[in-house]
Amino acid sequence: MATKVYTDYFFDEPAFNTHDGGYIPLEVYDAPEKPLAVPPLLKPDKETATDTYYTVVAQTGESQLVPGAKTKTWGYNAPLLGKTIVFQRGKHIHINLKNELPELTTFHWHGLDVSGPITDGGCHAPVYPGETNQIDFTLEQPASLSWLHAHPCPSTAVQVWHGLATGVIIKDDVEAKLPFPRNYGVDDIPLILQDRRFHENNQWDYKADYDPDGVQGPTALINGTVNPYFDVTTQRLRLRFLDGANRREWRLHFSDDLEFTQIASDGGILPEPVHLTKLMLTCAERAEVIVDFGKYKPGDEVTLYTDDVPLVKFKIHDFKPDNTKLPDHLVTIDDPDPSPDTPIRKITMDGMDEEVALNGKKFDMSRIDARQEVGTAQYWDITNTNSTKDGMVHPFHVHGTQFTIVSRNGHEPYPNEHGLKDTVGVNPKETVRIKVRFNLTGVYMYHCHIIEHEDGGMMAQIESYDPKHPRQYHLMDMDTLMNAFAKERGVDRKDLWMPGM
């Protein structure tokens, strides 16, 4: 039977960000092509058979992104973005979180199944300038691409915009046996998709670019590279996509409508490979694909586009023939159903601009909005209340878990949504049913991942609780955070610019 190849982006076209009143189209920056920057791997401080030790440093820096002056940037163990962090499933991980920035930050492990709120690294876990905090956890989740980013509400958006985002690769024995490329930097390549505007002297100016519906820029940066190319030396290439933008959606396709195969989503390997010519990612979503360049010859070029704008040129060199075939079934996902008497949680994603909310409420750091018993599955119905005429896709993210997508408006989810996810794009007037289970107790945030929307209050908190061992949590309050930011920036509290407030 012929393989089904999907040739559309699945999402509702009238809700694409190209229709936003504030949409900023991408343009090719007038600068020479550069080799794609592949983030180096972060070296552990120490490693044993059971434990791994890292130090992750949030730091300032300068980056030569375009000709002329260097751009002031932030990163993790690097001037911009960061070194890729690798975790092995089952190991006990110890991390020193060191803040060398001029202001407080947090270290949020987006996609990791760790306890909240402190280890998870949301707004309740600030690390102040010059200080080092320690966390540790045992990682028990499937192989996947997750990421680390700053999450100090309501300054998450500007800190990510400065560059605080880096990839986290989880490895396990199941993925290791599958016929995937995995030679990092050669045939296994992360692609962090972002966009920026260069102002005077090649600097970024978040305040000048601010838009409450999400900050955008006309220049694409792929792993922090403007106009990148990659030298292809193997027939098959594994690309690990991360939409690391504050707002932008990416509608990815190759020249010649080259077919590619999606093998993983946010939380790990898909049950079956999905064959595509087009792939849309909303903010914070990840997708791993395998591209086969077998029909090309040395000297050919294949271009990755978003819409009609080139992102990366793949320059073909000599490679050995590779006839590896993917199995029809990749992994089996443990996905128990809720008990029949479990109520369905109803969540609405409301508004746009400064009027965003969840269930009609703005975020309150001191308020726990919902509770769910640890280890039990529950259906959540996520409804985007925006108009289908001029509304937008809202990407919905839950901390501390990987969920499965049950349905979209009562119908099957998209063909590439049958794996584990932590972020799902919800179309206007659509209800997406997801199945959520927390494996650890704690307080976790859930929110829109258009980052300006979460800073603007489109966020809430849930406690995963054990009825046999109730706990009390000391949650950070907004006054404490705002006073700290004002002190660090050397301004009076009343003069503090926090656009999400």
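A brief structural summary.

### Concerning the overall build of the chain
Looking only at helices and strands, the chain features 5 helices and 33 strands. In summary, the chain has a C-alpha radius of gyration of 22 Å against a globular reference of 23 Å for 501 residues, a match within 12%. In terms of principal-axis extent, the alpha carbons of the chain reach across some 60 × 60 × 55 Å. For the chain, the accessible area works out to roughly 19,600 Å², and carbon and sulfur atoms hold 49% of it. The chain carries 49 positive and 74 negative side-chain charges, and their two centres are separated by 3 Å.

### Digging into the side chain of His151
Within the element layout of this structure, His151 appears in the loop between strand 11 (144–149) and helix 1 (156–162). Judged by its relative accessible area of 0%, His151 falls in the buried class. One polar contact links His151 to Thr156, side chain to side chain, over a distance of 3.5 Å. A polar side-chain atom of His151 sits 3.4 Å from a polar atom in the side chain of His447.

### Observations concerning helix 5 (residues 478–489)
Spanning 12 residues, helix 5 covers 16 Å between terminal C-alpha atoms, matching the ideal 16 Å at 1.5 Å per step. Residues of helix 5 that are buried sit in contact with helix 1. A side-chain oxygen of the first residue of helix 5 lies 3.2 Å from the backbone nitrogen of Asp479; this N-cap is Asp477. Positive backbone phi, at 70 degrees, marks Gly490, one or two positions downstream of helix 5.

### A short note on the pairing of strand 14 (residues 219–222)
Every second residue of strand 14 is oriented toward a common face, with Thr219 and Leu221 on one face and Ala220 and Ile222 on the other, all of them buried. The pairing of strand 13 (residues 188–196) with strand 14 spans 4 bridges and is antiparallel. Following the sheet pairing, Asp195 is matched in strand 14 by Ala220.

### Remarks on the sheet that holds strand 11
Pairing between the strands of a sheet is mediated by backbone hydrogen bonds and can be parallel or antiparallel. One open sheet holds the 4 strands; their spatial order is 7-12-11-9, and the pairing between them is mixed. Here the strands that pair on one side only, and so sit at the sheet edges, are strand 7 (85–88) and strand 9 (108–110). The average undirected angle you get between the axes of adjacent strands in this sheet is 30 degrees. Across 4 bridges, the pairing between strand 7 and strand 12 (residues 165–171) is parallel. Each bridged residue has a counterpart across the sheet, and for Ile85 the counterpart in strand 12 is Val168.

### Focus: the packing of aromatic side chains
Following the criterion strictly, the structure yields 24 aromatic pairs and no others. Ring centres 5.8 Å apart and planes at 85 degrees place the aromatic pair Tyr210 and Trp497 in the edge-to-face group. Highlighted residues: Tyr210 in the loop between helix 3 (206–209) and strand 14 and Trp497 in the segment after helix 5, separated in sequence by 287 residues. Looking at Tyr210, the relative accessible area reads 23%, which means it is partly exposed.

### Some details on the pairing of strand 4 (residues 51–63)
Alignment of strand 3 (residues 46–47) against strand 4, held across 2 bridges, turns out to be antiparallel. For Glu47, the partnering residue across the bridge sits in strand 4 and is Thr52. Hairpin connection between strand 3 and strand 4: a loop of 3 residues separates the two successive antiparallel strands. Of the strand pairs in this sheet, strand 4 and strand 8 (residues 92–99) are connected by 8 bridges, and their pairing is parallel. Its bridge partner lying in strand 8, Tyr53 is registered against His94.

### A word on the sheet that holds strand 14
Strand order across the open sheet formed by 7 strands is 1-19-18-21-16-13-14, with mixed pairing between neighbours. Looking at the sheet topology across the chains shown, the edges are occupied by strand 1 (5–6) and strand 14. Sheet analysis places strand 1 next to strand 19 (residues 268–276), joined by 2 bridges and oriented parallel. Within strand 19, the residue paired with Val5 across the bridge is His275.

### What to know about the pattern of salt bridges
Pairing between side chains of opposite charge can happen when the charged atoms of each approach one another. Counted under the stated rule, the structure contains 34 salt bridges. In this structure, the salt-bridge partner of Asp300 is Lys297, at a minimum N-O distance of 3.3 Å. Classification of Lys297 by relative accessible area gives exposed; the value is 53%. In this structure, the salt-bridge partner of Arg371 is Glu463, at a minimum N-O distance of 3.3 Å. You can see Arg371 sitting in strand 26 (residues 370–373) and its partner Glu463 sitting in strand 33 (residues 459–465), a full 92 residues away along the chain. It is possible to trace a salt-bridge network through shared partners that takes in Glu175, Arg182, Asp188, Arg238, Arg240 and Glu288.

### What to know about the environment of Ser155
With respect to the helices, strands and loops of the structure, Ser155 is situated in the loop between strand 11 and helix 1. Its relative accessible area of 1% is what places Ser155 among the buried residues. Separated by 244 residues in the primary sequence, Ser155 and His399 have C-alpha atoms spaced 18 Å apart. Engagement of the side chain of Ser155 in a polar contact is seen with the side chain of Arg489, the distance being 3.4 Å.

### Side note on the nonpolar core
Among the nonpolar cores identified, the biggest contains 43 residues, and Leu239, Phe241, Phe293 and Phe314 are the most heavily contacted of them. Among the elements that make up this core, the one with the highest residue count is strand 23 (residues 309–316) (5 residues). Discounting chain neighbours no more than four positions away, the residues touching Phe293 are Val232, Thr234, Gln235, Leu237, Leu258, Val302, Phe314, Ile316 and Phe319. Counting residues in hydrophobic clusters, the runner-up holds 26 residues, among them Leu358, Val424, Val426 and Cys448.

### Re the side chain of Asn99
With respect to the helices, strands and loops of the structure, Asn99 is situated in strand 8. A polar contact of 2.8 Å, which involves the side chain of Asn99, links it to the backbone oxygen of Val127. Beyond its immediate chain neighbours, meaning those up to four positions away, Asn99 contacts Ala58, Leu104, Thr105, Val127, Tyr128, Pro129, Gly130 and Glu131.

Conventions adopted
- Residues numbered from 1 in each chain as written.
- Predicted model: local features only at pLDDT ≥ 70, side-chain atom pairs only at ≥ 80, totals over all residues.
- Heavy atoms only, no water.
- Helix = DSSP H or I, 4+ residues; strand = E, 2+ residues; numbered from the N terminus.
- Rg over C-alpha atoms; globule rule 2.2 N^0.38 Å.
- Areas by Shrake-Rupley, 256 points an atom, 1.4 Å probe, with all protein chains shown as cover.
- Lys, Arg positive; Asp, Glu negative; His and termini not counted.
- Charge placed at Lys NZ, Arg CZ, Asp CG, Glu CD.
- Buried < 20%, exposed > 50% of the residue type's maximum accessible area, 1.4 Å probe, protein only.
- Polar contact = N/O pair within 3.5 Å; in protein donor to acceptor, adjacent residues only side chain to side chain.
- Expected span 1.5 Å × (residues − 1).
- Contact = heavy atoms within 4.5 Å.
- Pairing = 2+ DSSP bridges.
- Axes fitted to C-alpha atoms, helices over the stretch in contact; angles between N-to-C directions.
- Phe/Tyr/Trp six-rings, centres within 6.5 Å; stacked < 30°, edge-to-face > 60°.
- Salt bridge = Lys/Arg side-chain N within 4 Å of Asp/Glu carboxyl O.
- Core = buried A, V, L, I, M, F, W, Y, C linked by side-chain atoms within 4.5 Å.

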